[in-house]
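# Structure at a glance
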Amino acid sequence: ARRPQEQVAATAALLAALEDPALPATVVAQVPAALVLADATAALPRLHEIVQRFRGPRELRAAAAHAISGLARELDGDLLDALLGVAKRDVDVAARHAAILALGELAAKSGPQLDAKLAATVATFQFDGVQGRLRHAADVPWHAIAAGLFARGGHPLAREVVARLREVADEAAALDARAAAMLALGLARDRESLSRFRREVAGAAITPVMVNAIYATGLVGASAERDALLAFCRDSADPRLGFAAAYSLGCLADASILPPLVDALVATNSEPVRGALSRALGEIGDRRVVPALEGIAFDAEHPDPTRERALAALGVAAQHADVAWNAPLRHALFAGTSTPTLAFVSSLF
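This report concerns the structure included in the present document.

Rules used throughout
- Residues numbered from 1 in each chain as written.
- Predicted model: local features only at pLDDT ≥ 70, side-chain atom pairs only at ≥ 80, totals over all residues.
- Heavy atoms only, no water.
- Helix = DSSP H or I, 4+ residues; strand = E, 2+ residues; numbered from the N terminus.
- Expected span 1.5 Å × (residues − 1).
- Buried < 20%, exposed > 50% of the residue type's maximum accessible area, 1.4 Å probe, protein only.
- Phe/Tyr/Trp six-rings, centres within 6.5 Å; stacked < 30°, edge-to-face > 60°.
- Lys NZ or Arg CZ within 6 Å of the ring centre and 35° of its normal.
- Axes fitted to C-alpha atoms, helices over the stretch in contact; angles between N-to-C directions.
- Left-handed = near helix turned anticlockwise from the far one by under 90°.
- Contact = heavy atoms within 4.5 Å.
- Salt bridge = Lys/Arg side-chain N within 4 Å of Asp/Glu carboxyl O.
- Parallel < 35°, antiparallel > 145°, perpendicular 65-115°, else oblique.

### Quick notes on helix α9 (residues 140-152)
Between the first and last C-alpha of α9 there are 19 Å, a value that for 13 residues agrees with the 18 Å anticipated at 1.5 Å per step. When you tally the buried positions in α9, you get 12 out of 13 residues, the bulk of the element. Val140, Pro141, Trp142, His143, Ala144, Ile145, Ala146, Ala147, Gly148, Leu149, Phe150 and Ala151 are the residues of α9 that are buried. Downstream of α9 by one or two residues, glycine 154 has phi in the positive range, about 80°.

Dropping the structure here:
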């Protein structure tokens, strides 16, 4: 579909797959992401219809909400109404969370040009969600992440959004809400929160808040913290910390740290950390890392999940024109195109 002369036929084939009763729901649910990769904006009405109807398959409805945020160029009133309907009332948790994130991403994509009334509606919805005023307490982390994306777009309301997120990060009673707010501040690129992240990372107890503060450190681009992040990769006894630090190093996109990253890859005894380091090396995209990644991917002594991550890293490294750390936010919801992906971020909760 990336070939202009093939795009119409490819889009038609993908739309037909959405209606194919012979395909399992888990397979059909991959089609919306393929439509995004094809930049098939003609599919938006069909995806919009899937999101609006309150019936399954649930995997497809969540994927369609993600795809709308990838294909739509901006947030308009119709999209806002459709996504709000799902985000507020849907009984399907996955679809509800996808719609919440889609609202945040589309607001970010629209940026300062987002209509003031629409922006106020989105901001109020996310504020209420972050503060637990809506029906579903389990949605709080997703509201926080979406609020962080909203702030990332640079709308005039961003300053107020960030202020609310700081309050949640510092004062919320629930650990998952504080952890999500930390991550959201990273997504918002709130460099003023670096002291907040450092304080949490220096804590004695390993909590979700600490782990997400490590992710946030990379998301804000805190290159000065790279030695501390490398130390987590090499030395931490808890793989959660090393894993988060490796992803953060990928976010920093600093090719000068390739040698110590490869050294950490060899030194760590943790398979999860080794897998995350492989991915970080791939995201940085320097072809000098290919031999190290091949050594992991094709070594049967390593467990399959680590080998699969190394293979994925090789695939990312091969796409030298796709600089994942500054790619448009429309890619952030799909595995393999951003570090960390929002799909990965949401899996933390």
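### Some points on the packing of aromatic side chains
Enumeration according to the criterion identifies one aromatic pair in this entry. Just above the ring of phenylalanine 127 sits the side chain of arginine 164; from NZ or CZ to the centre is 4.2 Å.

### Quick word on unusual backbone geometry
One non-glycine residue, aspartate 39, lies in the positive phi region at around 55°. Phi angles above zero are rare outside glycine, and arginine 189 is one such case at about 55°. Topologically, arginine 189 is positioned in the loop between α11 (175-187) and α12 (194-201). Given a relative accessible area of 44%, arginine 189 falls into the partly exposed group.

### Describing the packing of α9 against helix α10 (residues 158-171)
At a minimum axis separation of 8 Å, α9 and α10 run at an interaxial angle of 145°. Here α9 and α10 pass one another in a crossing that is left-handed. Across from Ala144, Ala147, Gly148, Phe150 and Ala151 in α9, the residues of α10 making contact are Ala158, Val161, Val162 and Leu165.

### With respect to the pattern of salt bridges
As enumerated under the stated definition, the model contains 12 salt bridges in all. For arginine 196, the salt bridge goes to aspartate 170, with nearest N and O atoms at 2.8 Å. Of this pair, arginine 196 sits in helix α12 while aspartate 170 sits in helix α10, and the two are 26 residues apart along the sequence. A residue is classified by how much of its surface remains accessible, and aspartate 170, at 36% relative accessible area, is partly exposed. Ionic pairing is found between aspartate 170 and arginine 199, a salt bridge with its closest N-O pair at 3.4 Å. In this pair, aspartate 170 sits in helix α10 while arginine 199 sits in helix α12, placing the two residues 29 residues apart along the sequence. The exposure class assigned to arginine 199 is partly exposed, which follows from its relative accessible area of 48%. Within the structure, one salt-bridge network assembled from shared partners comprises Glu19, Arg46 and Glu49.

### Thoughts on the packing of helix α13 (residues 208-219) against helix α15 (residues 239-252)
For the pair α13 and α15, the least separation of the axes is 7 Å and the interaxial angle reads 15°. Regarding the angle of α13 to α15, the classification is roughly parallel. Handedness of the α13/α15 crossing: right-handed. Counting all contacts with α13, which are made through Met210, Val211, Ile214, Tyr215, Thr217, Gly218 and Leu219, the residues of α15 involved are Arg240, Leu241, Phe243, Ala244, Ala245, Tyr247, Ser248, Cys251 and Leu252.

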